[in-house]
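Overview (structure and organization)
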Amino acid sequence: MAERRPLLIEIGTEELPPKALQRLMTAFRDDLAGALEEQRLQPQGVQAFATPRRLAVRIEAVDTRQADERIERLGPRLDAAQDADGNPTKAAEGFARSCGVSVEDLESVDTDKGPRLVWRGVQPGEAAEAIIPGLVETALGRLPIPKRMRWGSGEVEFVRPIHWTVALLGEAVIPGSILGIPTGRTTYGHRFHGRGRSGIDLPEPGVYEQLLEEEGRVVADFADRRRRVEAGVRQEAERAGGTPVGDEALLDEVTGLVEWPVALSGDFDQRFLAMPEEALISSMQGHQRCFPVRGAEGRLLASFITVANIDSRDPQQVRHGNERVIRPRLADAEFFWRQDRRLPLGERLEQLQHVVFHRRLGDLRARSERISRLAERVTGQIGADADAAGRAGLLAKCDLVTEMVDEFPELQGIMGGHYARADGEGEAVAAAIGAHYRPAFAGDALPHTPEGQAVSIADRIDTLVGIFAADGPPSADKDPFGLRRAAIGLLRCLIEGGHDLSLRELLDTAAGMIADECGVATDGIAEQVAGFCHERLRGYYAERGYAAEVFEAVAAVEPASPLDFHRRLAACSAFRERAEAQTLGEANKRIGNILRRAGLDPQTRPEAVAAGDEPAEQALAEALRGAWAEAHPCIEAADYGAALTALAGLHEPVDRFFTDVMVMADDEAVRQRRLELLGAVRHAFRAVADLSHLPG
């Protein structure tokens, strides 16, 4: 059995990109561990580390040598390996040479293609230290790095220049080099603290993070460092009298910027609080990676939290330095706010004529007018103010030509709402503009006003139809216009907003506008977009735990609106748990097969069915009429759960009918009547969903 030892690999670099650091760390760990597994070195206990100046992987135990591998190689057929006298042919001799043995060492084996020569041997395993440097280089070469760089006179490429490498197998250094840098046991700590410049010799892998922290003032564990960042920021915010403002991405980025996190608070001039808080937040977070502070009343305080990468002897100087840096940033945002307000949003419409949305779809002014008209059409069906929604749709893209949004693109829409409010456009218009990009991501809230939802729906409808008509659907790996996100946002607005709108009618309306105004052919585009949205809807419900067969049962009846689809899906999902569901699912499947074989699609409605003399036939017809009388009003009211409950009572008469009645009777009139009865049963259930898709 091979000896097992701990392994440590560390790559010391110049500062790595902070936003990508966690992703690089995870990819390096997974790729290296997978490669060691493939090479039969049996890695166990894999842990990754990352700081701005290093990527590292420590493994509790790997084999110091590969296990020997039994090899079997098939050679030529036996009749081609020997001549008539039984002597080896050139084919046999060549095969033996390729295996490094003589012909006498070969054996024969029966295969499905007849007897063949075979060589069986054992390939001795290599020492781990001979394999590992190459595996590390391969793993580094596979990291998700969009742009690599070279340095010095060498040909090595990496995301940043490499300054040192550590490669320890137990207490021994793995000899060799990684990306041109000789391996060793010396790591380096913080640039300014501890033994950052002289280096730290690691005796063995197990003490890696401990020595780095104690002697190098580096917290190597990304998750541990992130916890310290978050705790420090919260503590400083509490001292300032509030709570920090920042999402998970900002915490990750700040963690990727520091090796020894020290949270410090700072203050800025109260006058900046007169600006919209989103502008303040974007300025502090985007430019300075600082955390704003929100007070107990929900308003921003004139304070911020920064995370330094140094434990200064004079933290007050560091604090003042950050305040000096952040002040001009906030002053820039204040300048943009004042400058932009000099020109009302409505007067910026002319500027939109000079901004091309798409080469085949015209400028943003024309697009804004389409969104406005679409929003007005939607309002009548969702209880929104048509004038406010139309005005909001017209002005929704005007902030794209403001200086604030040019500096902070993430504020598009949001700043438009603030500018509209300052222009006196009215709260309904301002709120709709401010929220019309929502939902912008998974879990994001919908616009909170019906006018905002109308503009959001109109915006996404115009985008989907327009881009499909101009460029076609997105490819598997490219979606530059965010069409998948637009489709999900549209569906969420319709479903979660509670708007019973026909998706196809909306798409047809937009297609007509684009064809008339842009001269782009839109034949069949509405159908394509509807299919695209249907696939997004499938994923939307799969994420929420709905069974695929329930989705297919509802999809088979093609509900016109996503909200109606949702109501049917919820009802079918609940019905699927009932004892009758299996019986009725099997019955609907059987009915469908019978009608298909008969080549019929009976149109008799449930209330008009007739029955013959057979008691089971009469019982089913009577039960169907009664169930339909109860279910039909529920279906009209979109109470599909109640409708299925009413129809569930048909399971016994349906079972009895199939037991007692010969559907395909010799008498044509009897056969037709019974097929009509089954067609009416199927019609009743398909008024909600096609239960034949449910498993039997």
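Please refer to the structure higher up on the page.
Residues numbered from 1 in each chain as written. Predicted model: local features only at pLDDT ≥ 70, side-chain atom pairs only at ≥ 80, totals over all residues. Heavy atoms only, no water.

**Looking at the nonpolar core**
With 135 residues, the main nonpolar core has M404, I461 and L464 as its most contacted residues. The dominant element in this core, judged by the number of residues it contributes, is helix α16 (residues 450-471), at eleven residues. When neighbours within four sequence positions are excluded, I461 is seen to be in contact with L374, L490, L503, L506, L507 and A510. Judged by nonpolar contacts, the second largest core, of 38 residues, contains L41, V57, V159 and L179. (Core = buried A, V, L, I, M, F, W, Y, C linked by side-chain atoms within 4.5 Å. Buried < 20%, exposed > 50% of the residue type's maximum accessible area, 1.4 Å probe, protein only. Helix = DSSP H or I, 4+ residues; strand = E, 2+ residues; numbered from the N terminus. Contact = heavy atoms within 4.5 Å.)

**Description of the side chain of R682**
Secondary-structure assignment places R682 in helix α26 (residues 668-686). Residue contacts for R682: discarding those within four places in its chain leaves N588, I591, G592, L595, D690 and S692.

**Some points on the sheet that holds strand β4 (residues 69-77)**
Spatial strand order, β4-β6-β5: three strands in an open sheet with antiparallel pairing. Two strands close off the open sheet at either side, each with one partner strand: β4 and β5 (107-111). Pairwise comparison of adjacent strand axes, ignoring direction, gives a mean angle of 40 degrees for this sheet. Relative to strand β6 (residues 114-123), β5 is paired through five bridges, and the arrangement is antiparallel. Within β6, the position partnered with S108 by the bridge is L117. (Pairing = 2+ DSSP bridges. Axes fitted to C-alpha atoms, helices over the stretch in contact; angles between N-to-C directions.)

**Overview of the packing of aromatic side chains**
Enumeration over the complete set of coordinates arrives at 13 aromatic pairs. Measuring from centroid to centroid gives 5.0 Å for Y540 and Y541, while their planes differ by 80 degrees, and the two rings are edge-to-face. Centre to centre, the rings of Y541 and Y546 are 5.3 Å apart; their planes meet at 90 degrees, and the pair counts as edge-to-face. Its relative accessible area of 1% is what places Y541 among the buried residues. An aromatic cluster is present here, built from Y540, Y541, Y546, F551 and F565 joined pairwise through their rings. (Phe/Tyr/Trp six-rings, centres within 6.5 Å; stacked < 30°, edge-to-face > 60°.)

**As for the pairing of strand β2 (residues 44-51)**
On any regular strand, side chains alternate: one points to one face of the sheet, the next to the other face. Sheet analysis places β2 next to strand β3 (residues 54-63), joined by seven bridges and oriented antiparallel. By the bridge assignment for β3, Q44 is matched with A61. Between the antiparallel neighbours β2 and β3 lie two residues.

**Looking at the pattern of salt bridges**
Inspection of every chain in the model, using the stated rule, returns 52 salt bridges. Its salt-bridge partner being E369, residue R365 comes within 3.0 Å of it at the nearest N-O pair. In this pair, R365 and E369 both sit in helix α11 (residues 364-382), four residues apart, roughly one turn of the helix. Measuring nitrogen to oxygen at the nearest pair gives 3.0 Å for the salt bridge that ties E496 to R492. Of the two residues, E496 and R492 are both situated in helix α17 (residues 483-496); the distance of four residues between them amounts to about one turn of the helix. By sharing partners, the salt bridges in this structure join R367, R370, K397, D459 and D462 into a single network. (Salt bridge = Lys/Arg side-chain N within 4 Å of Asp/Glu carboxyl O.)

**Observations concerning the environment of D247**
Position of D247 relative to the elements: it lies in the loop between β15 (242-244) and α7 (248-255). With 44 residues separating them along the chain, D247 and F291 place their C-alpha atoms 9.4 Å apart. Within the structure, the side chain of D247 is placed 2.9 Å from the backbone nitrogen of L250, a separation counted as a polar contact. (Polar contact = N/O pair within 3.5 Å; in protein donor to acceptor, adjacent residues only side chain to side chain.)

**Thoughts on the sheet that holds strand β17 (residues 291-295)**
In space, the four strands of this open sheet follow the order β15-β17-β18-β16, with antiparallel pairing throughout. At either end of the open sheet lies a strand with only one pairing partner, and these are β15 and β16 (262-267). For this sheet, the mean inter-axis angle between neighbouring strands, taken without regard to orientation, is 35 degrees. In this structure, β16 lies alongside strand β18 (residues 300-308), joined through six bridges in antiparallel fashion. Bridged to A263 within β18 is V307. The sheet contacts of helix α9 (residues 315-340) involve β16 and β18, and relative to β16 the element is tilted by about 55 degrees.

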